[in-house]
Amino acid sequence: MKSYVISCADGAPDWKSIPQLSVSEVLWLPDAGICMTQAICHDDENIFVHQLAVEKNVRAELSGADCPVCEDSCMEFFFSPCPDDGRYFNLEINPNGSFFLGFGHGRGDLKRLHPEVSVFDIRTLRTPDGWETFYRIPLSFIREFYPDYAFTSGLKIRANCYKCGDLTETPHYLSWNTVSCETPDFHRPEDFGEMIFE
């Protein structure tokens, strides 16, 4: 199981100084030459996320809320704030800033959530060799599900990071921690890695 330290930010994140994790486990299909990195930091009120994809043929067909963004070029962050509880959030974003957000123990009881997009302050940008996204996950949002939650030093969560594109020119599946099943499925909390708050 891989681990990652979520840095503590003082003010706006300086992404050049935040360590990146590599979403480089190639799953289920041949290597399409696509890669992704993710950097994460926090302050007392937010988790901040930066995801960067190197991807030649970006697909961005879907827009609006509740779209199956995994059909487009897509980057995803699944995290379980309280591993003993077993539930996790899955946040999936395409290059248009459309996102899918769910919460539950897995596919069987996953509930689609419908918060205001502005809550996450999602920004996406095209780069010369792909695309990137920046967003935040407010503590106030997590407290809707875990009222006493706090981003304290030493806090451990379970998480995984993914890159996919079901209908892209070169379909692909990548993960940070490898996924131990024979068919495509990112909803595998048993395969999450560990993240530790600084």
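Just so you know, these numbers come straight off a predicted model, no measurement behind them. Residue numbers restart at each chain and count upward from 1, following the sequence in its written direction. Local features in a predicted model are, by the rule used here, given only for residues with pLDDT of at least 70; side-chain atom pairs are given and counted only at 80 or more, and totals for whole chains, interfaces and linings are based on all residues. Heavy atoms throughout the structure, all of them, feed into the side-chain values; hydrogens and water do not.

Draft legend 1. Structural detail: the pattern of salt bridges. Counted as salt bridges are all cases of a side-chain nitrogen of Lys or Arg within 4 Å of a carboxyl oxygen of Asp or Glu. Under the criterion given, the structure shown has seven salt bridges. Among the ionic pairs, lysine 163 bridges to glutamate 55, the shortest N-O distance being 3.1 Å. Taken together, the positions of lysine 163 in strand β12 (residues 156-164) and glutamate 55 in the loop between β5 (46-54) and β6 (74-80) put the pair 108 residues apart, joining distant regions of the chain. Pair check on accessibility: lysine 163 and glutamate 55 agree, each one buried. Sharing partners across several salt bridges, the network here consists of Arg188, Glu190 and Asp191. Under the scheme used here, helices are H or I runs from DSSP no shorter than 4 residues and strands are E runs no shorter than 2 residues, and both carry numbers assigned from the N terminus. The buried label applies to any residue whose accessible area, calculated with a 1.4 Å probe on protein chains only, is under 20% of its type's maximum; exposed applies above 50%, and partly exposed to all values in between.

Draft legend 2. Up close: the pairing of strand β7 (residues 88-93). Burial within β7 is extensive, with six of its six residues counted as buried. Side chains Tyr88, Asn90 and Glu92 project from β7 onto one buried face, and the interleaved Phe89, Leu91 and Ile93 project onto a second face that is buried too. Bridge count between β6 and β7: five bridges; the pairing is antiparallel. Looking across to β7, one finds that phenylalanine 78 is bridged to asparagine 90. Only when DSSP finds a minimum of two bridges between them are two strands counted as paired. Note: β7 against strand β8 (residues 99-104), six bridges, orientation antiparallel. Within the sheet, the bridge partner assigned to isoleucine 93 lies in β8 and is phenylalanine 99. The loop that links β7 with its antiparallel partner β8 comprises five residues; one of these, glycine 97, has a positive phi angle of about 85°.

Draft legend 3. The arrangement of empty space enclosed by the protein in detail. Both site types are read off a 1 Å grid over the protein atoms alone. A 1.4 Å probe that fits but cannot get out defines a cavity, while an open set with protein on both sides within 12 Å along at least five of seven lines defines a pocket; lining residues have an atom within 4 Å of a point. Grid points are joined across faces, edges and corners, and a volume is the space filled by probe spheres set on the points. Scanning all chains against the criterion turns up one cavity of 30 Å³ or more. If you go around the largest cavity, the residues you meet are Val26, Leu29, Pro30, Asp31, Ala32, Gly33, Ile34, His172, Tyr173 and Leu174. Its residues assigned to classes, the lining of the largest cavity shows seven nonpolar, two polar and one charged. Gly counts as polar in this scheme, as do all residues outside two lists: the nonpolar Ala, Val, Leu, Ile, Met, Phe, Trp, Tyr, Cys and Pro, and the charged Asp, Glu, Lys and Arg.

Draft legend 4. Structural detail: the pairing of strand β2 (residues 20-23). Side-chain alternation along β2 places Leu21 and Val23 on a buried face and Gln20 and Ser22 on a face that remains uncovered. Alignment of β2 against strand β4 (residues 35-42), held across four bridges, turns out to be antiparallel. Within β4, the position partnered with leucine 21 by the bridge is glutamine 38.

Draft legend 5. Inspection of the environment of lysine 2 at higher detail. Inspection of the secondary structure assignment puts lysine 2 in the segment before β1 (3-8). Separated by 19 residues in the primary sequence, lysine 2 and leucine 21 have C-alpha atoms spaced 9.7 Å apart. For lysine 2, the side chain forms a polar contact with the side chain of glutamate 25, separated by 3.2 Å. Residues adjacent in sequence count toward polar contacts only when both atoms are side-chain atoms; beyond that, a polar contact is any pair of N or O atoms within 3.5 Å, and within protein one must be able to donate a hydrogen and the other to accept it.

Draft legend 6. Here's a closer look at the side chain of serine 98. Residue position: serine 98 is located in the loop between β7 and β8. Judged by relative accessible area, which is 4%, serine 98 ranks as buried. Ignoring anything within four residues of it in the chain, the contact list for serine 98 reads Leu62, Ser63, Gly64, Val69, Glu92 and Ile93. Contacts were defined at the residue level, with two residues in contact if any of their heavy atoms lie within 4.5 Å.

Draft legend 7. Quick look at the packing of aromatic side chains. For this analysis, a ring pair means two rings from Phe, Tyr or Trp (six-membered ring only for Trp) whose centres lie within 6.5 Å, classed as stacked if their planes differ by under 30 degrees, edge-to-face if by over 60, and tilted for the remaining angles. As enumerated under the stated definition, the model contains 22 aromatic pairs in all. Taken together, a centroid distance of 5.3 Å and an interplanar angle of 35° make the contact between phenylalanine 79 and phenylalanine 89 tilted. Separated by ten residues along the polypeptide, phenylalanine 79 in strand β6 and phenylalanine 89 in strand β7 bring together distant segments of the chain. Judged on exposure class, the residue phenylalanine 79 and its partner phenylalanine 89 are both buried. Three or more aromatic residues joined by ring pairs make a cluster, and in this case those are Phe77, Phe79, Phe89, Phe99, Phe103, Phe120, Phe141, Phe145, Tyr146, Tyr149, Phe151 and Phe197.

Draft legend 8. Summary view of the layout of surface pockets. In this structure, the largest pocket encloses a volume near 340 Å³. As for the largest pocket, its lining consists of 20 residues, of which Cys70, Glu76, Glu92, Arg107 and His187 are closest to the centre. Among the elements of the structure, β6 and β7 are those that each provide at least two residues to the lining of the largest pocket. Here the residues of the lining of the largest pocket sort into eleven nonpolar, two polar and seven charged.

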